[in-house]
Amino acid sequence: MGYDLVIKNGTVVDGSGAPRYRADVAVKDGRIAAIGRVTARGKQTLDAEGHVVTPGFVDGHTHMDAQVFWDPIGSCSCYHGVTTAVMGNCGFTLAPCKQADADYVFRNLERAEDISRESMLTGIDWSWETFPQFLDAVDAAPKGINYAGYIGHSALRTYVMGERAFSEAASDDDLKRMCATVKDAIGAGAIGFSTSRTHNHITADERPVASRIATWDEVRAIVNAMGETGAGIFEIAGETVGRDPERKRDYFDRLKNLAVESGVPMTFGMFSVRVAPDFWRPYFELADQTAQAGGRIAIQAHSRALNVLLSFEAHTPFDKWDVWRELRALPLETQKQRLRDPAFKQRLVDVASAPYTGPRIVGAEARPPEWEWVYPMASMAATDASMADLAKQRGVHPAELMIDLALEHDFKIFFRQPIANEDQGDVLEMMKHPRSVVTFSDSGAHVAQIMDSSLQTHLLSHWVREKRAFTLEDAVRLITFDTASLWGMHDRGLLRVGMAADFAVFDPDTIAPRLPEVVHDLPAGAKRLKQTADGMLATIVGGQIVLNNNEHTGALPGQLLRGPLAVG
């Protein structure tokens, strides 16, 4: 039998958690055709000696809805072994929406997910109105990796209600139409329904995104309507309950009751925060209680701190402050010259030392630094010395140190500002919890401020190789079988004959994220952070090598993965 691809001499880590073993893997027609000793030749052969061969990684929390139309390979996820990305999280999708009403969905996405309006206007060739038509457009777009997508509540509301979606409760007729639209979307292959109720999600004009205006009865009705189809998963960016025990109890009861009555699996992300160190634990207890009651909640856990990356090439915390604002409008080379002027630098330091009086900080936006929690990042090597510590050693203000370090590195340095998951013990405990899934890269959003597309390679380098907190087999399962299973992708996430031929091939001794860089490759020249990885030999989708040593081969075998009710 002739094969399309044979991966020779690799060590198979199959995604199940079972021990690794040495084997060849053969592919025919996009499916795994043989695992073991393969003597037949393939049209293409990849020598994986010294590397492990795993299922392609599945990332369940991205915002690639716009990017899929201008970035055929799915970067930066593809550089870190991700072969399937679930988009449309938090209620933010580009459909359903008429092209004439695109401003509605842009309004929801622009501030809440920091996706450039100019990039969306320039990079999207709008060809849909309904969600099934949007799925068809994604299906037709050239893709290096696979995608699945939710129908988002904010887009759904504005499609049905127009401008009223940002200020009014839905009428009975509005709600009936929304429920019917979600059912149609699930029938066409939507992976589920997503919403946001968090105060972090606001529009560019400081109003709540459309989904936040909805009552809980509206959310409940839509999820129950989806449940009637027997398919779909519900993703929610949760309510902000603070430390009010009654408010938390009410919210938890609503989540549990909805999961049980609808029969729909529910998922949401969870981080720890140093100002409320035990905030996250009750959510995992809720997941256990919900399971006991007959429902299902899976909690999305990250593999490291949620870091805002500050840089003179991208964003500093002071870009909109007096004096800094004028500086940051100049070309970078001119900024370097001005920063070398001691008097001007002192003016900047004086301003940076003043109390913050600017607009509200939302989500992953750059914020006034707490210097004890800001760390220089000239390489991927971890440092425990904060900017406050280092500034004290030099006898300068931390803002002056930031300027000095930036000049010393010709602006090729980041300053890492963790805003959640500061306690790595909490991170490890969440990842090890049986009701968590390791995901939540937010790829496609916050592209100039955070870079979490590398959470999978961080897991494999930091937690497996350096900390030995997981075996390689267990860590691979977290980002393959576990994530694929939650989102109903039952032909992925394992290496078995007949399964989809999506693979990550990497060197376990060297795999690690590289230092990010600032690039200007978005439509309309907008900037973003780009990060590749060491140790990645190949990313393979549908049996075709999409990336070889992080270089695109030209292959675009990615598919739209439709839910189980889709026909054809």
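As shown above, the structure is provided for reference.
Cut-off values and rules
- Residues numbered from 1 in each chain as written.
- Predicted model: local features only at pLDDT ≥ 70, side-chain atom pairs only at ≥ 80, totals over all residues.
- Heavy atoms only, no water.
- Helix = DSSP H or I, 4+ residues; strand = E, 2+ residues; numbered from the N terminus.
- Contact = heavy atoms within 4.5 Å.
- Pairing = 2+ DSSP bridges.
- Axes fitted to C-alpha atoms, helices over the stretch in contact; angles between N-to-C directions.
- Buried < 20%, exposed > 50% of the residue type's maximum accessible area, 1.4 Å probe, protein only.

1. Brief notes about the environment of Val541
Then step 1. Of note, Val541 is situated in strand 22 (residues 536–541).
Then step 2. Sequence separation between Val541 and Phe503 is 38 residues; the distance between their C-alpha atoms is 6.6 Å.
Then step 3. Dropping the residues within four chain positions of it, Val541 is found in contact with Thr83, Gly144, Ile145, Asn146, Ala501, Asp502, Val546, Pro557 and Gly558.

2. With respect to the sheet that holds strand 16 (residues 436–438)
Then step 1. Here we have eight strands laid out as an open sheet, ordered 6-7-8-9-10-11-12-16, and parallel in their pairing. Both outer strands of the open sheet, strand 6 (57–59) and strand 16, are each paired with one neighbouring strand and no more. Here the average twist between neighbouring strands, direction ignored, is 25°.
Then step 2. Bridge count for strand 11 (residues 266–269) against strand 12 (residues 297–301) is four bridges, and the pairing is parallel. Residue pairing for strand 12: Met266 is matched across the bridge by Ile297.
Then step 3. Contacts between helix 8 (residues 281–293) and the sheet are confined to strand 11, strand 12 and strand 16, with strand 12 contributing the most and set at about 155° to the helix.

3. Regarding helix 1 (residues 102–110)
Each α-helix winds once per 3.6 residues, and so residues spaced three or four apart point in a common direction.
Then step 1. For helix 1, the tally of buried residues reaches seven of nine residues, placing the bulk of the element in the interior.
Then step 2. For helix 1, every residue scored as buried is listed here: Ala102, Tyr104, Val105, Phe106, Arg107, Asn108 and Leu109.
Then step 3. Buried residues in helix 1 make contact with helix 2 (117–123) and helix 4 (153–161).

4. Concerning unusual backbone geometry
Then step 1. In this structure, Cys76 follows Ser75 across a cis peptide bond, with omega equal to 10°.
Then step 2. With respect to the secondary-structure elements, Cys76 resides in the loop between strand 6 and strand 7 (82–87).
Then step 3. Here the bond from Ala95 into Pro96 is cis, since omega is 0°, no more than 30 degrees from zero.
Then step 4. Here Pro96 lies in the loop between strand 7 and helix 1.
Then step 5. Backbone geometry at Asp29 places phi at a positive 55°, although glycine is not the residue there.

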